[in-house]
Amino acid sequence: MFKIKEIDTFIVQVPLKVPLKMSGVYIEHCDNMVVKVTADNGKIGWGEAPYAPFFNGETSIGMRAAVNFMKQRLIGVEVIDTDEIKNILAVTIYGNSGAKSAIDMALYDLYGKTLDKPLYEILGGSKREKVPMIWLIAGGEDEFKLLRERIDLGFVSYKLKIGASDVMKDIDRAYQAQKILDHDYKLSADANQGFNREDALTFASKTGDIGLDFYEQPVNGNDVESMVECNETSYAPLGVDEGIHNIHDIKIHHEKKAAEGGSLKMIKFGGVSQLFEAANLMHSLGMHINLAGKAANTSIGSAAIAHFTRSLPSLEWDASLSSQYLADDIVCNAVQVEDGYIMTPEDGPGLGINIDEEKFKKYTVSH
């Protein structure tokens, strides 16, 4: 199909419109590693992975170093079909799921461009036309003002970020959010591992009449036993995020009844085929699926998420599209959200996005 001719890596930092406050993290700009893969047919594929040491232990600088090591084994390799991509990357380095996911994304983009097909067709076709984007209610003095603005813009799905402050304050914030939403919209809560066991159980037991869609990762991802207890206590179904990185993790959470669903991210699973394998397993087990990009992707990573929303077997817990929080973007045709629903880029095959060279240069940092 094509041979890998060249691989280039970059680090891009784009400011956010409003800083995001999450458990243990205060984000003012994205810090992402971008991969550009050039094929022998002259076509270019793009991939991206965000700084996410709390998810996979990888930083943007570390991922760039990993890709620069991996490319020694990738230059000149022929990609016949998408089934080979996972195996091609597996032997280049141990671990480094974020770095691998960026190259994987770029190779899928290249494959779609080579066949002149959008990514969602490469992934098995469209199962739905559109999916709601989850808007994050992420702290700060203006969080409820921003919530009301999103309601006016037609958003229908929201997630309250908790675990960064006192649990009783978070419970009060959850009540305030639902008072504004008045049960007319979806509302979930995500602690990003920020609670200890006691606080996690407190939130679970005192939010029964709020009507949360799901309650995500209240405790450390390794603390499956506390997840089990929270799931037994919580009025809302429990979701797992930082606690799943592979098929085994999903099976453990299901077998122990530690979660009713989970959040899928490419940087955790290492590639497109692995993410879809996880989604198919969760679907077969009757677990709810949420799809997410780490804060904050540019429209490179968000384009991949948009295509995934069309192709996953099920997606009851909607999708997070973090490029919407950026003050600017590095593509000419940023991924759009209309009336609260994610729109798939259709300006070309593959990911369907076109890099804005001027902005790409502007936001690329030397280190």
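Anything mentioned here points back to the structure above.
Residues numbered from 1 in each chain as written. Predicted model: local features only at pLDDT ≥ 70, side-chain atom pairs only at ≥ 80, totals over all residues. Heavy atoms only, no water.

(A) Expanded view of the overall build of the chain. Each helix and strand counted, the chain has 14 helices and 17 strands in total. What you see for the chain is a C-alpha radius of gyration of 20 Å, in line with the 21 Å of a compact globule of 367 residues. Here the C-alpha coordinates of the chain stretch approximately 60 × 40 × 40 Å along the principal axes. Sorting the 367 residues of the chain into buried and exposed places 59% on the buried side. Within the chain, residue pairs in contact and separated by at least 24 positions form 72% of the contacts whose partners lie at least 6 positions apart. In the structure as shown, the chain presents an accessible area of about 14,600 Å², 46% of it carried by carbon and sulfur atoms. Computing the positive centroid from 37 side-chain charges and the negative centroid from 53, the chain places the two 3 Å apart. (Helix = DSSP H or I, 4+ residues; strand = E, 2+ residues; numbered from the N terminus. Rg over C-alpha atoms; globule rule 2.2 N^0.38 Å. Buried < 20%, exposed > 50% of the residue type's maximum accessible area, 1.4 Å probe, protein only. Contact = heavy atoms within 4.5 Å. Areas by Shrake-Rupley, 256 points an atom, 1.4 Å probe, with all protein chains shown as cover. Lys, Arg positive; Asp, Glu negative; His and termini not counted. Charge placed at Lys NZ, Arg CZ, Asp CG, Glu CD.)

(B) Molecular detail of empty space enclosed by the protein. Here the structure, examined in full by the defined rule, presents one cavity of 30 Å³ or more. In this model, the largest cavity occupies a volume close to 140 Å³. Contributing to the lining of the largest cavity are 18 residues, with Met 266, Ala 292, Gly 293, Asn 297 and Ile 305 lying nearest its centre. When residues of the lining of the largest cavity are traced back to their parent elements, those giving at least two are β5 (44–50), α4 (97–115), α11 (266–269), β13 (288–292) and α13 (299–311). Among the elements that make up the lining of the largest cavity, the one with the highest residue count is α13 (four residues). (1 Å grid on protein atoms, 1.4 Å probe; cavity = no way out; pocket = protein on both sides within 12 Å on 5 of 7 lines; lining within 4 Å. Points joined across faces, edges and corners; volume = space filled by probe spheres on them.)

(C) Spatial organisation of the nonpolar core. Ranked by size, the top nonpolar core spans 119 residues in total, and within it Phe 203 and Ile 300 carry the most contacts. It is α4 that provides the largest number of residues to this core, a total of nine residues. Look past the residues within four positions of Ile 300 in its chain and what remains in contact with it is Val 34, Trp 46, Gly 47, Glu 48, Met 105, Ile 330, Val 331, Leu 351, Ile 353 and Ile 355. (Core = buried A, V, L, I, M, F, W, Y, C linked by side-chain atoms within 4.5 Å.)

(D) Representation of unusual backbone geometry. A positive phi angle is found at His 183, which is not glycine, with a value near 65°. Its place among the elements puts His 183 in the loop between α7 (167–181) and β9 (186–190). One non-glycine residue with positive phi stands out, namely Gln 217, at about 35°.

(E) Broad picture of the pairing of strand β12 (residues 261–264). Across the two faces of β12 the burial is the same, with Gly 261 and Ser 263 and Gly 262 and Leu 264 all buried. Since strand β11 (residues 238–240) and β12 lie parallel, the crossover through helix α10 (residues 247–255) that links them has a hand, and here it is right-handed. (Right-handed = clockwise from strand over helix to strand, strands pointing away.)

(F) Main features of the pattern of salt bridges. Taken as a whole and assessed by the stated rule, the structure comprises 14 salt bridges. Residue Asp 170 is joined to Arg 173 by a salt bridge in which the shortest nitrogen-to-oxygen separation is 2.8 Å. Here Arg 173 and Asp 170 lie together in helix α7, a separation of three residues that amounts to about one turn. Judged by relative accessible area, Asp 170 falls into the buried class, the value being 0%. By sharing partners, the salt bridges in this structure join Glu 143, Asp 170 and Arg 173 into a single network. (Salt bridge = Lys/Arg side-chain N within 4 Å of Asp/Glu carboxyl O.)

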